Amino acid sequence: MRCAARSPSSEDSSLLQSQRTSCSPLSSCYNGVMLFMAQLSKAELQTFKQLLMDEQLLPGSGHITWDQMKRYSWAEVVHLLTQHFPGRLAWDVTLDIFQKMNQETMCSLVQQELNSILPTLAPDVFNPRETQLSLEKEEYDELQTYKLHVMEKNCPVWNKSVWPGNQIDFLYQEIPKHKELLLCLFLPRKPQGGQPKTVVIEGSPGIGKTTLARRVMLSWARNEFYPHKFRFAFYFHYQELKQVKEHSFADLLELKGLQSRALVSKILSNPDQLLLLIDDFEEVPAEPFRRPRPDDLSEEWDQKLPGPTLLNSLMCKRMLAEATLLLMVRPISWIRIKPYLQCPSFLTLPGFNRTEVIKYFKMYFRNTGQGDIALDFAIRNAILFSMCQVPVICWLVCCCLNEQMKRSMNLSMACPNVTSVFIWYLSTLLTDRTRNFSNPSDQEQLERLCSIAAQGMWDMKWVFSKDDFEKVMMDEASVHTFLQAHIFQRLEGPEDHYVFTLFVFQEFFAALLYILSFPQRLRSFHFLSHIDIRSLIFLPGRSKNYLANMALFLFGLFNPLCAFTLERSFQCKVTWRNKIKVLKIATRMHEHKLSSPCCGIPQLWHCLCEIREEAFASQTLASYCKAALTLQNYEDFQSSAFCLLNCQELKEMTLTLSKRFFQEWWSGSTDTLLATGIRVTDMSFCWWQSICSVFGTNKDLEVLIVSDSAMEPPFMKVFSTALQHPECRLQKLYLIRVEHSVLHEDLFQVLTENQHLKHLEIHHTKIGQEAMKSLCATLTSPMCLLDCLRLESCEVASPEDWIHLARDLQRNIHLRTLLLRGNSLELFGVHYLSVSHLRKLALENCNLTENSCENIAFSLRHSKMLTHLSLAENALKDEGIKHIWRALEYLMCPLKRLVLRKCAVTSACCQDMILALKNNKSLSSLDLSFNNLRNDGIILLCEALKKTDSNLQVLELERCLFSFISCKALASMIRSHRKLRYLDLSNNDIGLVGIMTLGSAYLGQSLAEKIIM
């Protein structure tokens, strides 16, 4: 029995929309099926599960008890349904249960989703899992012992051995979103509704991938993680598998604590019940990954194989194809392993959001005034605050700031930038374990530490072996010292391999190499090459560049106060040789395209903000004329504000104020962040004011492009006020794909207040009724000196809005250029349009027909100023175009350029055209491209040009469907019509004969003509 189908109500649609909104591409539920199950209350979900059990709907489900079922989450219930009911059966069963529960809204949502997913849903192949694997009592006991071992090893989920420094004050804080991600990890996904066999979790170093992996194993051992699906689960490190010499996969499971080979064989013979979790993909080969050949892989789990072959066979699903893989990777590793994987489900692991960072500070400092001071300091340093999204970095920052305040240090003086925080922290770690770095031998060890860090960064190498240490002459004693200092961490595995405890340590020491002076060396410093510098600052901003933090630390170390802190803390000397070279190269970076709008702001700008040296920034940006900035996070605002104030030669700016910023940073602005009243939103707003102040202080800035942007009212007010500044010299404003919040009446008022702004373009934007009213009111104001208006592909609230615009344009005496493209004007807009004051008019791709042309021709006959007219990409046909030609016959018509490109005209219009060309002496440029003129029309046109005293200099006939037959007439016209300077005949099938005919005519002329064939 099924629920009766009903039409979805507005309430249903609203609920479905809220699910889609909450499940963005960054969400763990993204593209999941049956998300409506998450809307059930706890009681309703229990009732659903009870009905599912009572009706004995689950085939082969005798092994699932109510005690187990009642603990299932909504996502596990969805997984259970799709596992036991393939194809649409899962939705049919769900409908039946909701009907019994009288859940009409849920029934409607089920039906909606089924209708949308049905075309792509996996086939209804009924193939339920085989009978639950039967274990002997000894095997069951061994499995339980293994689970106890897993619980012991993974509790607590965070491992104290990996955290640096003194752990007495370490405060572990869970990330709430990680629980949500864990819940939906194996949620079946659209479009096929299948359960993912490979799930990849990508996250920045230190974000919590290993902690999440340990939580998965702990939850599995407690029977709290998809117990109906995964009877067995095993955790491996990437290096653990990679370093295997000759082992079978069965051997590796035995090493995990399963002593019975018979049990191992049973597990591997039923791989659909097996979860394999592979963590720490910290290092993969630097060469591009290619999918291995089938001959290089093996499907035999009992065959002894080298580690790389074993790993590749698992990842490519050649071995244990039915097993489920869960892979933990960092961004650079994901790019390389992706070709190995079959249909992976990809999830991004988030860090702390800004509220969680603030809560962490308050908890660490126990809600004291010291905590408010520390948090205020972090908020005012946007990059530092952003780095605190990584939990361990958040603790590290709190620890360092706490120590500075204990010493009664002023934080702004002690820590002038982000880099100085890490100097204080790392110097404490090292000086606790080593002698004074003024000692030459200790300086050598520091140099070798920095060398291995830098070499790893350039080679994208994060895991180091004894051979790597030997290359930089670092002995075992030094490795042990750095291990004890928590600079290094030893990885699990049969061989000794090490990583920096935190990746940020490697980034810091890599940068440190290029600032330190080593007097004992023949050359006292390590040289940064031109390519090195370009790699550091030429790439996009921080989120997309694995060298970003290394570059940030390098520039931070260039700060004199920071360098002084370094010399005092590490007892060593710095050199400015690389700083001088970086300045020399960075000043020329404007010659290259630093960033596209989708890439945030240029990496160089973040670096200049970190150096906090205005003279250096001004020198670097002295010759920059263009900037493309996408402000999508907190640090983008601060870096842009600092750099724009030091970019005095800027002439053009492209600005994107991301909607995502307001969703993540501004929407929660009602939360009190500090007792002192300082808010994150207050700082971003302050930096926005600094950004906008450039419009009044930079008198060379002439062009502003605002694209893909949204603005909350306070931001809009600051923006529009800045554009009205008496010193603002902006001449052109482009609005491209902007939200309705940008088209505010305050912005249009700028057109009446700023006498320099004379060019406005709006592209691909929905112009609401209020916005259109504001625009029309502005255009009718005598204070509006707008010279050019372009509206392209703009959606309006109603067709009448175009009528209002056309009427109001008649009252504007200053507008000289009107460009309307991709708008549905049809007849009514043209009927009211006056061109008496216009010099250029374009009505392109505006759904005009032959009925529109009579009104246009009437305006054309009475215009004394119109010199350019484009009606391209409108189906005007011969009947419509004849009105235009007849208007051109009037001797007073001043038109110089006419564009009739792609207007569906044929050779039938040529007679009218010939008369117009004969009588009109002003027309000098004509575009007839992409029309069906064919040979007849071209020959008539050529004959007319030969006989008339036309002033035509430019003629465009691209793809007019003529052949070599017309070339003789064209050649004759070229010889006789000496005024022609440009002729476009491209994309016509004139063949070799036609080319030779035209070529001989062209070569015979002494005039500087240009012919495109």
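Residues numbered from 1 in each chain as written. Predicted model: local features only at pLDDT ≥ 70, side-chain atom pairs only at ≥ 80, totals over all residues. Heavy atoms only, no water.

Examining the overall build of the protein
The cut-off we apply is this: Starting at the N terminus, helices and strands are each numbered in turn, a helix being any DSSP run of H or I of at least four residues and a strand any DSSP run of E of at least two. Note on contacts: a residue pair qualifies if any of its non-hydrogen atoms lie within 4.5 Å across the two residues.
Regarding its fold elements, the protein presents 44 helices and 26 strands. A sequence separation of at least 24 residues applies to 80% of the contacts in the protein between residues at least 6 apart.

Here we look at the state of the cysteines
Heads up, the rule is: Defined by distance alone, a disulfide is two cysteine sulfur atoms within 2.5 Å. Accessible area is worked out with a 1.4 Å probe on protein chains only. A residue is then buried under 20% of its type maximum, exposed over 50%, and partly exposed in between.
The full count for this structure, using the stated rule, is 0 disulfides. No disulfide involves C562; its sulfur sits 9.0 Å from the nearest other cysteine sulfur, which is in C415. Given the relative accessible area of 0%, C562 is considered buried. Counting only cysteine sulfurs, C643 is the nearest neighbor of C609, a cysteine outside any disulfide, at a range of 6.5 Å.

Thoughts on a negative patch on the surface
What counts here: In this scheme, patches are assembled from residues that exceed 30% relative accessible area and form no salt bridge. Like charges are connected within 9 Å, while nonpolar side chains (Val, Leu, Ile, Met, Phe, Trp, Tyr) are connected within 5 Å. Computed with a 1.4 Å probe, the accessible areas rest on the Shrake-Rupley method; for each residue, only the protein chains presented here act as cover. Put simply, a salt bridge is a Lys or Arg side-chain nitrogen that is within 4 Å of an Asp or Glu carboxyl oxygen. Only four residue types enter the tally: Lys and Arg on the positive side, Asp and Glu on the negative side; His and the chain ends are excluded. In this description, the location of a charge corresponds to atom NZ of lysine, CZ of arginine, CG of aspartate or CD of glutamate.
A grouping of D467, E470, D475 and E476 is seen on the molecular surface, where their side chains present a negatively charged patch. Relative to the helices and strands, D475 resides in the loop between helix 22 (466-471) and helix 23 (476-484). The class of D475 is partly exposed, set by a relative accessible area of 39%.

Brief notes about the pattern of salt bridges
A complete count under the given rule lists 35 salt bridges for this structure. Here E792 makes a salt bridge to R790, at a shortest N to O gap of 2.7 Å. A single network of salt bridges, built from pairs that share partners, joins R790, E792, R821, E844 and E873.

A few points about the packing of aromatic side chains
Ring pairs (aromatic) are described by centroid distance and by the angle formed between their planes. Test applied: Only Phe, Tyr and Trp rings take part, Trp by its six-membered ring, and two of them pair if their centres are within 6.5 Å. Stacked means planes under 30 degrees apart, edge-to-face means over 60, and tilted covers everything else. The rule is short: NZ of Lys or CZ of Arg within 6 Å of the ring centre and within 35 degrees of the ring normal puts a charge over the ring.
Per the counting criterion, the structure on display carries 42 aromatic pairs. An angle of 35° between the planes, with centres 6.4 Å apart, marks the rings of Y425 and F505 as tilted. Placement of the pair is Y425 in helix 20 (residues 418-431) and F505 in helix 24 (residues 503-512), with a sequence separation of 80 residues. You can call Y425 buried: its relative accessible area is 6%. Linked through ring pairs, F422, F464, F469, F482, F488, Y498, F500, F508, F509 and F553 together constitute an aromatic cluster. The positively charged end of K147 is found above the aromatic ring belonging to W220, 5.0 Å away from the centroid. The ring of F503 carries the charged tip of R330 above its face, separated from the ring centre by 4.5 Å.

Some remarks on the nonpolar core
Using the following cut-off: Put simply, a nonpolar core is a bunch of buried Ala, Val, Leu, Ile, Met, Phe, Trp, Tyr and Cys residues held in one set by side-chain atoms that sit within 4.5 Å of each other.
Of all hydrophobic cores here, the largest spans 341 residues; its most connected members are F249, F361, F509 and W688. For this core, the element with the most residues is helix 18 (residues 391-406), which contributes 11 residues.

A word on helix 28 (residues 577-586)
Turning to helix 28, its buried residues are N578, K579, V582, L583, I585 and A586. Tucked into the core, helix 28 has its buried residues touching helix 25 (530-537), helix 26 (548-558), helix 29 (603-611) and helix 30 (614-620).

Examining the sheet that holds strand 5 (residues 345-348)
Let me state the cut-off plainly: Note: two strands are recorded as paired if DSSP finds a minimum of 2 bridges between them. The convention used is that axes are lines fitted to C-alpha atoms, helices contributing only their stretch in contact, and that angles between N-to-C directions extend from 0 to 180 degrees.
Read across the sheet, 5 strands follow the order 2-3-4-1-5 without closing on themselves; strand pairing throughout is parallel. Every interior strand has two partners, whereas the edge strands, strand 2 (232-237) and strand 5, have only one. Averaged over all neighbouring strand pairs, the angle between strand axes comes to 15°, with direction disregarded. Sheet topology places strand 1 (residues 198-202) next to strand 4 (residues 324-329); 5 bridges connect them, and they run parallel. Across the sheet, E202 pairs through a bridge with V329, a residue of strand 4.

Regarding unusual backbone geometry
The backbone of H764 sits at a positive phi, close to 50°, despite the residue not being glycine. Given the relative accessible area of 41%, H764 is considered partly exposed. In this structure, E873 takes a positive phi of about 65° despite not being glycine. With respect to the helices and strands, E873 occurs in the loop between strand 21 (868-870) and helix 40 (877-888). Residue E873 is classed as partly exposed on the basis of its relative accessible area, which comes to 30%.

Here we look at the confidence of the model for the protein
Where the model shows low pLDDT, its predicted coordinates should not be examined in detail. How we decide: Each residue carries a pLDDT score, the predictor's confidence in it, ranging from 0 to 100.
In the predicted model, the protein carries a mean pLDDT of 85, and 87% of its residues have values of at least 70. Note that residues 1-22 has pLDDT below 50 and, in this model, 31 contacts with residues that lie over four places away or in other chains.

So, the side chain of H526
To be explicit about the condition: For the purposes of these results, a polar contact is taken to be a pair of N or O atoms within 3.5 Å, where, inside protein, one atom must be able to donate a hydrogen and its partner to accept one; residues adjacent in sequence count only when each atom of the pair is a side-chain atom.
Along the chain, H526 turns up in the loop between strand 9 (516-517) and helix 25. Looking at H526, the relative accessible area reads 15%, which means it is buried. A polar side-chain atom of H526 sits 2.8 Å from a polar atom in the side chain of E447. Discounting chain neighbours no more than four positions away, the residues touching H526 are E447, S451, L513, Y514, F518, R521 and N578.

Points about the side chain of Q445
Its location among the elements puts Q445 in helix 21 (residues 440-458). Reaching out from Q445, the side chain makes a polar contact with the side chain of S478 at a distance of 2.3 Å. Contact partners of Q445, with chain neighbours within four places excluded, come to M474, D475, S478 and F482.

Overview of the packing of helix 34 (residues 713-723) against helix 35 (residues 745-753)
Counted only if it meets this: Working definition: roughly parallel below 35 degrees, roughly antiparallel above 145 degrees, roughly perpendicular at 65 to 115 degrees, and oblique for all remaining angles. When residue character is reported, Ala, Val, Leu, Ile, Met, Phe, Trp, Tyr, Cys and Pro are called nonpolar, Asp, Glu, Lys and Arg charged, and the others, Gly included, polar.
Interhelical geometry of helix 34 versus helix 35 gives an angle of 0° and a closest axis separation of 9 Å. As summarised for this structure, helix 34 and helix 35 are arranged roughly parallel, according to the angle between their axes. Together, M716, K717, F719, S720 and L723 of helix 34 and D746, L747 and V750 of helix 35 make up the contact between the two elements. Its residues placed into classes, the contact of helix 34 with helix 35 shows 5 nonpolar, 1 polar and 2 charged.

Observations regarding the sheet that holds strand 8 (residues 497-500)
Ordered in space as 6-8-7, the 3 strands form an open sheet in which the pairing is antiparallel. This sheet does not close on itself; its edge strands, each paired only once, are strand 6 (464-465) and strand 7 (488-490). Of the pairings in the sheet, the one linking strand 7 to strand 8 comprises 3 bridges and is antiparallel in character. Note that in strand 8 the partner of F488 across the bridge is F500. Sheet strands touched by helix 23: strand 7 and strand 8. Its angle to strand 7, the strand with the most contacts, is close to 100°.

What about helix 4 (residues 74-84)?
By the criterion of burial, helix 4 is predominantly enclosed, with 11 of the 11 residues buried. Every buried residue of helix 4 is accounted for by W74, A75, E76, V77, V78, H79, L80, L81, T82, Q83 and H84.

Structural notes on a nonpolar patch on the surface
There is a patch of nonpolar side chains on the surface, built from M413, L561 and F564 and spanning about 300 Å² of accessible area. Residue position: L561 is located in helix 27 (residues 560-570). Judged by its relative accessible area of 33%, L561 is partly exposed.

Points about the pairing of strand 13 (residues 703-707)
Convention followed: By definition, the crossover connecting two strands over a helix is right-handed if that path, from the first strand to the second, turns clockwise as seen with the strands pointing away from the viewer.
Judged by how many residues are buried, strand 13 sits mostly within the fold: 5 of 5 residues are covered. The side-chain alternation of strand 13 yields two buried faces, one formed by V703, I705 and S707 and the other by L704 and V706. In terms of strand pairing, strand 13 meets strand 14 (residues 732-736) through 5 bridges, oriented parallel. What sits directly across from I705, in strand 14, is Y734. Read as a crossover between parallel neighbours, the route from strand 13 over helix 34 to strand 14 is right-handed.

So, the pairing of strand 3 (residues 274-281)
Summarising burial for strand 3: 8 of the 8 residues are buried, a large majority. As paired strands, strand 2 and strand 3 are joined by 6 bridges and run parallel to one another. Bridge pairing in strand 3 places F236 opposite I278. One ladder, built from 5 bridges, connects strand 3 with strand 4; its direction is parallel. Each bridged residue has a counterpart across the sheet, and for L277 the counterpart in strand 4 is L326.

A short note on the packing of helix 20 against helix 26
Orientation of helix 20 relative to helix 26, taken along the N-to-C sense of each, is 90°, at an axis distance of 8 Å. Put simply, helix 20 runs roughly perpendicular to helix 26. Along the contact surface, helix 20 presents V418, T419, F422 and I423, while helix 26 presents L552, F553, G556 and L557. Here the contact of helix 20 with helix 26 is built from residues that sort into 6 nonpolar, 2 polar and no charged.

Section: the environment of Q648
As for its position among the elements, Q648 is in the loop between helix 31 (634-644) and strand 12 (652-657). For the pair formed by Q648 and Y624, sequence separation is 24 residues and the distance between their alpha carbons is 8.1 Å. Excluding its chain neighbours within four sequence positions, the residues that come into contact with Q648 are N698 and D700. There is a polar contact of 2.8 Å between the side chain of Q648 and the backbone oxygen of L645.

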